[in-house]
Amino acid sequence: MKKGGGIFLINPDSHLKIERKKENFGNRFDDYWSITTPDGIIYNFKAQEMRRGYYKPFQGLVDAFRVTIDEQNSFRSDELISSWFLTSITLTNGDVIEFKYSEYYDSVLSPLYTSQTRTDYLGTMYQHGDIYLPDGYDHTSTVFSRDITSLEQVLKEIKWKYGKVVFKTSDRKDVRSTGEWSSDTSQKLDTILVYQRNAGAPLRTFTFHNSYLGNVDDTQKAYLLARLCLDSLTISGNDRLKEYGYAFGYNRERALPPKDYHVYDYWGYVNSLGSGNPYSSLIPAYTVEQSFTVEPPEITNLIDVSLNHYNANKRNVTVHKGTICNECGFREYTGIFPTIGMLTSIVYPTGGKTTFVYEPNQYMTPHYGRM
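Read on for a plain summary of the structure. Remember, predicted model here, so these are calculated numbers, not experimental data.

## Examining the overall build of the chain
- When its secondary structure is counted, the chain shows 2 helices and 19 strands.
- Within the chain, buried positions represent 35% of all 371 residues.
- As presented, the chain carries roughly 23000 Å² of accessible surface, and 51% of it is formed by carbon and sulfur atoms.

## Some points on the environment of A285
- Note that A285 resides in the loop between β13 (244-250) and β14 (286-288).
- Sequence-wise, A285 and C328 are 43 residues apart; in three dimensions their C-alpha atoms are separated by 5.4 Å.

## Some remarks on the side chain of R52
- Within the secondary structure, R52 is located in strand β3 (residues 42-59).
- For R52, a relative accessible area of 6% gives the class buried.
- A polar contact is formed between the side chain of R52 and the side chain of D106, at a distance of 3.0 Å.

## Overview of unusual backbone geometry
- For H15, which is not glycine, the phi dihedral falls at a positive 55°.
- For H15, a relative accessible area of 56% translates into the label exposed.
- Even without being a glycine, D106 presents a positive backbone phi close to 50°.
- Following the sequence through the fold, D106 ends up in strand β6 (residues 96-109).
- In this structure D106 comes out as buried when scored by relative accessible area, which is 5%.

## Looking at the nonpolar core
- In this structure, I41, L86, I89, F99, I158, V165, F167, I192, V194, F208, L233 and I235 together form the largest nonpolar core, which totals 12 residues.
- Where this core is concerned, the elements lending two or more residues are β5 (80-90), β9 (163-171), β10 (187-196) and β12 (227-237).
- Apart from the residues within four sequence positions on either side, L233 is in contact with F206, T207, F208, H209, Y244, G245, Y246 and F248.
- Counting residues in each nonpolar core, the second largest holds 10 residues, with V62, A64, L109 and F144 among its members.

## Notes on the pattern of salt bridges
- One pass over the full model with this rule turns up 10 salt bridges.
- A salt bridge links E49 to R51; the shortest N-O distance between them is 3.8 Å.
- Of the residues examined, E49 reaches a relative accessible area of 11% and is grouped as buried.
- For R51, a relative accessible area of 36% gives the class partly exposed.

Cut-offs and rules
- Within every chain, residues take consecutive numbers counted from 1 along the sequence as written.
- With pLDDT at 70 or above as the cut-off, local features in this predicted model cover only qualifying residues; side-chain atom pairs require 80 or more to be listed or tallied, and sums for whole chains, interfaces and linings still use all residues.
- Side-chain calculation: all heavy atoms of the structure are included, whereas hydrogens and water are not.
- Strands here mean DSSP runs of E at least two residues long; helices mean DSSP runs of H or I at least four residues long; both are numbered from the N terminus.
- Each residue is placed in one exposure class: buried if its accessible area under a 1.4 Å probe, protein chains only, is under 20% of its type's maximum, exposed if it is over 50%, and partly exposed if it falls in between.
- Computed with the Shrake-Rupley method and a 1.4 Å probe, the accessible areas treat only the protein chains shown as cover for residues.
- Polar contacts, as used here, are pairs of N or O atoms within 3.5 Å; protein pairs need one atom able to donate a hydrogen and one able to accept it. Residues neighboring in sequence count only if both atoms are side-chain atoms.
- Nine residue types can take part in a nonpolar core, namely buried Ala, Val, Leu, Ile, Met, Phe, Trp, Tyr and Cys, and a core is a set of them joined through side-chain atoms within 4.5 Å.
- Contacts were defined at the residue level, with two residues in contact if any of their heavy atoms lie within 4.5 Å.
- Salt bridges are identified by distance alone: a Lys or Arg side-chain nitrogen within 4 Å of an Asp or Glu carboxyl oxygen.

Following this line, the structure appears as structure tokens:
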């Protein structure tokens, strides 16, 4: 969006006409989007997904095991529109393809997200006196947050002049709802039915056979322990004898850790399943490969810099070789666990099979002799 309310196109050669419009959606009066393509087809996006969140900051590296945050005792963010979903396509001949959704309220409560920050100042980290910060100042911080999908749109039907597609869903076990203002639960896709106009029986049926990676018996923790996966897909027509399908295999050698555990490397892959504190710091250790001396900068404008700050920086600071660690976490790549839960095979209706073998990318750690 431009400051004046116009639309900025990253690719103007697409010649899309994007309009921001308003309409009264019953109990809501809000924006929606209309996109017209060069050939005159109009796409309207009116179904809104809404989210809100809350967060709680702490000084220091606080682990999640000792923290509980909720809407009443935390900072709450405003409820915002997070997505607009396609609701209609109007063709150049006037025909309309409609997309219908079911609305679910407070249906997804996310796991606890953790963000940790450490600011290292020369002299405090290397024990050469307090240069930048006052005595006793903790230069680490932790922020915990949660997201709530307060209005979730789930596609139920696509309808056009000559037929319709119906989507049937059921409750998911690996996603937790808030249970505060609504009993709605997030959905998983079970069946897709394709109908010709005025037909009583579906022309084609797609059935999704799902299971969970992880334990779903513990209903209180299933949202942290389990992940939904597709085991097989069955496709059938009017004649059930023509049924065929696909089967999918996954790496199930070990169970994935809970979603809020801090046991992953820099790229987000699981790197440890051992004992210890699963909520340890996300901040890795930093290694100084070679000792060096930092000379204070010349400060010529005392208006922008306090006199104490200037006086403290008039001397050199020596940074010594070694590993700097303040309750550091293990973030290195191990190569042992990254493929847990990944797709390993697809078996086709013909009996053929595709097997997937994964290997990591290579990376290089740069070495700096001077900061």
